[in-house]
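Geometric and topological summary
Okay, here's what each chain looks like letter by letter:
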Amino acid sequence: MSLFYLGPKGTFSYLAALKYEKDLNQLIPKENLYEVIQAVQANPQSKAIVPIENAIEGTINVVADNLVEHDLTIIKEIHLDIEFSLYAQSTTSLEDITRVYSIGPAISQTQKFIHERQLDYAYAQSTVDALKYINATTAAIAPKGSGEAYGYVPLIENIEDFPHNMTRFLVLTREATVPNKGHQCMLIITPSYDKPGLLASILNTFALFNVNLSWIESRPLKTQLGMYRFFVQCVYPSDEDMHKITTILETLDFEIRHLGRFDA
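Residues numbered from 1 in each chain as written. Predicted model: local features only at pLDDT ≥ 70, side-chain atom pairs only at ≥ 80, totals over all residues. Heavy atoms only, no water.

Within this structure's numbering, the places UniProt gives as "domain: ACT" (unreviewed entry) are residues 187-264. Annotated as residues 187-264, this span is 31% helix and 38% strand, and its ends, taken at the C-alpha atoms, are 16 Å apart. (UniProt positions renumbered as here; feature names shortened; annotations may be inferred. Helix = DSSP H or I, 4+ residues; strand = E, 2+ residues; numbered from the N terminus.)

Printed below as a string of structure tokens:
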């Protein structure tokens with residue numbers, strides 16, 4: 001079964017994909033996260049792995065929004081340690097570098113290093129795609145251990161702003177039959193209209209059944225300013241309690257969509 005990921009080989013998405021699927025022949029790279037989502041949507045028997053949250057940068061909004069727009073199910077969560085290196089030509093020294101390339105989240109997660117060195121920066125399609133911009137005065141911020149395969153050397157390692165940086169990835173599928181077991185679950189909770197205490201009513205409903213929330217995120221409805229839907233991830237309670245939670249929230253005029261049960 002094909003597993004789509006944000007390529008090329010060597011990106012963090014590739015490393016996360018290897019933690020889920022050992023058969024390299026099943027891994028199919030795409031140029032951006034939007035194409036990854038479109039690929040799994042167009043191929044019902046396939047899977048995709050996408051980042052949803054970084055410990056420093058927060059939610060990956062393009063993925064959250066595409067979960068709303070497409071009929072996809074989460075079947076697994078993967079955690080990956082995030083370590084960055086600065087890659088350059090073997091003849092280049094750190095003092096020669098004036099500009100760095102990488103993707104937006106990588107730039108954000110290495111801001112201290114960039115500003116301390118007073119470097120200009122620009123964006124690439126992926127962390128590994130950034131390697132192609134390397135020249136005598138330009139370097140790339142890429143996953144630790146990735147640049148060597150392309151003939152580049154790390155001038156300095158572990159340049160991320162904070163230690164213990166981590167990204168969690170979701171494995172998605174369109175399959176009609178998906179696992180109905182797992183310790184975690186994710187829901188999209190959408191209000192029918194704006195009113196005071198929207199978020200409080202959601203939180204209080206889960207608290208009523210002593211359900212621990214591991215992630216909650218708001219995203220604009222994109223219909224009018226100030227209207228939001230909520231992503232809620234929690235430890236899955238009993239089927240009976242989940243049914244009661246869903247019923248209460250629907251009574252409070254929320255639309256509930258279950259994105260699946262899964263393990264990390």
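Here the focus is the layout of surface pockets. Reported here for the largest pocket is a volume of approximately 390 Å³. Considering the residues around the largest pocket, the lining is formed by 25 residues, among which Leu6, Leu33, Pro51, Ile103 and Pro105 are closest to the centre. Those elements that place two or more of their residues in the lining of the largest pocket are helix H1 (12-20), helix H2 (33-42), strand E3 (47-54), helix H3 (61-69), helix H4 (104-108) and strand E11 (166-173). Top element by residues in the lining of the largest pocket is H4. It accounts for three residues. Tallied by class, residues from the lining of the largest pocket come to 14 nonpolar, eleven polar and no charged. (1 Å grid on protein atoms, 1.4 Å probe; cavity = no way out; pocket = protein on both sides within 12 Å on 5 of 7 lines; lining within 4 Å. Points joined across faces, edges and corners; volume = space filled by probe spheres on them. Nonpolar A, V, L, I, M, F, W, Y, C, P; charged D, E, K, R; others polar.)

On to the nonpolar core, then. In terms of nonpolar packing, the biggest core is built from 29 residues, with Ile49, Leu86, Val100 and Ile141 touching the most fellow members. The greatest single-element share of this core, amounting to four residues, is contributed by H1. Ranked by size, the runner-up nonpolar core spans 24 residues in total, among them Ala48, Ile60, Met186 and Ile188. (Core = buried A, V, L, I, M, F, W, Y, C linked by side-chain atoms within 4.5 Å. Buried < 20%, exposed > 50% of the residue type's maximum accessible area, 1.4 Å probe, protein only.)

Turning next to the packing of aromatic side chains. Considering all chains together, one arrives at five aromatic pairs under this definition. The ring of Tyr236 has Arg261 sitting right over it, with the charged end atom 3.7 Å from the ring centre. (Phe/Tyr/Trp six-rings, centres within 6.5 Å; stacked < 30°, edge-to-face > 60°. Lys NZ or Arg CZ within 6 Å of the ring centre and 35° of its normal.)

Attention now moves to the sheet that holds strand E10 (residues 153-157). The strand order across the open sheet built from five strands is E8-E7-E9-E6-E10, with neighbouring strands paired in mixed fashion. Each edge of the open sheet carries a strand with a single partner, namely strand E8 (120-123) and E10. Direction aside, the axes of adjacent strands within the sheet are offset by 35° on average. Note that strand E7 (residues 99-102) and strand E9 (residues 138-143) share three bridges and pair parallel. Opposite Val100, over in E9, you have Ala139 as the bridge partner. (Pairing = 2+ DSSP bridges. Axes fitted to C-alpha atoms, helices over the stretch in contact; angles between N-to-C directions.)

A few words now on the packing of helix H6 (residues 198-208) against helix H7 (residues 239-251). Relative orientation of the contacting elements H6 and H7 amounts to 155°, with a least axis distance of 10 Å. What the angle tells us is that H6 and H7 run roughly antiparallel. Classified by chirality, the crossing of H7 by H6 is right-handed. Here Ser201, Ile202, Thr205, Phe206 and Leu208 of H6 lie close against H7, whose contacting residues are Ile245, Ile248 and Leu249. (Parallel < 35°, antiparallel > 145°, perpendicular 65-115°, else oblique. Left-handed = near helix turned anticlockwise from the far one by under 90°. Contact = heavy atoms within 4.5 Å.)

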